[in-house]
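Observations on chain architecture
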Amino acid sequence: MILDLHTHSEASEDSRAPVETYLKWLQRKRAEVPIDGLVLTEHRQWDPHADYRALEDKYEFLILRGAEVETDYGHVLVYGVNKDITRHFDFTNVRLSAQELIPAVTDMGGIALPCHPGRPTVGLCAHYDGKPPIEGVIAVEALNGGSRRGENERVQELIDRYGYKTFGGSDSHLVSFIGICATEFDRDIRSIDDLVTELREGVYRPVDFRANLAKRAAS
Amino acid sequence: MAPKLDKSLIGSEFDHTEFPPVTAEHIREYAAAALETNPRHLTANDAELVAPPTYVVSLRGRHFMPANLQTVLNIGRRGFDAGKDIECGVPVRVGDALTATSTVHDIYEKTGRSGSMVFVVLRTKITNQRGESVAVIDQKMMLR
């Protein structure tokens, strides 16, 4: 099972990608980008009423939802968002405490994972240089499709030192970026609860489809 | 810890401008400058002439942003145009008397590679002499 765990649609202020257009693109690119679904992680927000079931049925892709929030240790992806979490944490606050957020989200039934850790200012590596490590981090986004040269490579030292699991996501803000990086799980995932369980306890790894797309474009 | 962003300006009106009637000459000049090729915007007679949809961004009100914006937000003067969204309404035709009303639509903060940034969304509603909506323009500015 392969999911893109980090995507933004037009619900994020810096993206212009409609969810349906992502799905149409993925249908056309199945050979190069063989993912089974995506997780929408809109910036600094959680819409409890968003419902993509009709699109799931129409295009036969799994669509789950999370959020990307901003903390004093950089950006963090939150999966399994629920009322307890949104009651305790204001997702619009760009200075959330990561030391507080990450263990609390776990206690409340979700999971919070640092994304693009190699990125300056908003990645974990930059903050670990001068601050204590965060308690309760299970995995980090070792492969981010929006990273610049050297940023993904910078994460390896973090993984070696702290033993974090690794996952991947496209960080797509544009239609043609969807699924370029993703996460392959050993077990099937059918719901957000499954995803939280697998991210906590399962076996998974980042996968990179950019070479497939480049090869296809060159042929 | 940095202070919480003051969002009290959201909803405040900072400009209301009534423009002189739109002329055929101005529509044609804009269309030519925008490299339009559609005859509706260039060579049609004055009664049939229609301004290109983006014509509305050529209109300039008296104030681009609230005079006290930087003071209230406690930010500097550095920034850039972070893009605009235009929702088009009825077409602009020769003789239309347009009115633009601008308000602060949203203020939010985000963090990126270069640090924290404040985004201000300035919404301008443009109507014609019949009160019809010609366009709603959301102009985003990044400031820090």
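Keep in mind that what you see is a predicted model, and the values were worked out from it rather than measured. (Residues numbered from 1 in each chain as written. Chains lettered and ligands numbered in written order. Predicted model: local features only at pLDDT ≥ 70, side-chain atom pairs only at ≥ 80, totals over all residues. Heavy atoms only, no water.)

**Describing the environment of B:G11**
Residues and elements named next belong to chain B. If you trace the backbone, G11 turns up in the segment before β1 (13–18). Exposure remark for G11: the relative accessible area of 55% places this residue in the exposed category. As a C-alpha pair, G11 and V72 span 61 residues in sequence and 14 Å in three-dimensional space. Other than its neighbours up to four places away in sequence, G11 contacts T103 and V104. (Helix = DSSP H or I, 4+ residues; strand = E, 2+ residues; numbered from the N terminus. Buried < 20%, exposed > 50% of the residue type's maximum accessible area, 1.4 Å probe, protein only. Contact = heavy atoms within 4.5 Å.)

**Focus on the pairing of strand β4 (residues 74–79) of chain A**
All names here are of chain A. Counting buried residues in β4 gives six out of six residues, a clear majority hidden from the surface. As paired strands, strand β3 (residues 62–71) and β4 are joined by six bridges and run antiparallel to one another. Across the sheet, A67 pairs through a bridge with V78, a residue of β4. Joining the antiparallel neighbours β3 and β4 is a turn of two residues. (Pairing = 2+ DSSP bridges.)

**So, helix α1 (residues 19–28) of chain A**
Taken together, the buried positions of α1(A) are occupied by A:V19, A:Y22, A:L23 and A:L26. One side of α1(A) holds all its buried residues, which, seen down the axis, span an arc of 95°. (Arc of directions from axis to C-beta.)

**With respect to the pattern of salt bridges**
Tallied over the entire structure, the rule returns 23 salt bridges over all chains. In this structure, the salt-bridge partner of A:D186 is A:R205, at a minimum N-O distance of 2.7 Å. Taken together, the residues A:D186 in the loop between β8 (181–185) and α7 (192–201) and A:R205 in strand β9 (residues 204–208) connect sequence positions 19 residues apart. Between B:D138 and B:R123 there is a salt bridge, with its nearest N and O atoms 2.7 Å apart. (Salt bridge = Lys/Arg side-chain N within 4 Å of Asp/Glu carboxyl O.)

**Here we look at the nonpolar core**
Residues and elements named next belong to chain A. Among the nonpolar cores identified, the biggest contains 28 residues, and F89, L124, Y128, I134, V140 and L158 are the most heavily contacted of them. For this core, the elements supplying multiple residues, two or more each, are β3, β4, α4 (98–107), α5 (124–128), β6 (139–144) and α6 (155–162). Among the elements that make up this core, the one with the highest residue count is α4 (five residues). For V140, the contacting residues outside a window of four places in its chain are P114, P117, L124, V155, L158, I159, Y164, K165, T166 and F167. Membership of the second largest hydrophobic core comes to 23 residues, among which are I35, L40, I178 and V207. (Core = buried A, V, L, I, M, F, W, Y, C linked by side-chain atoms within 4.5 Å.)

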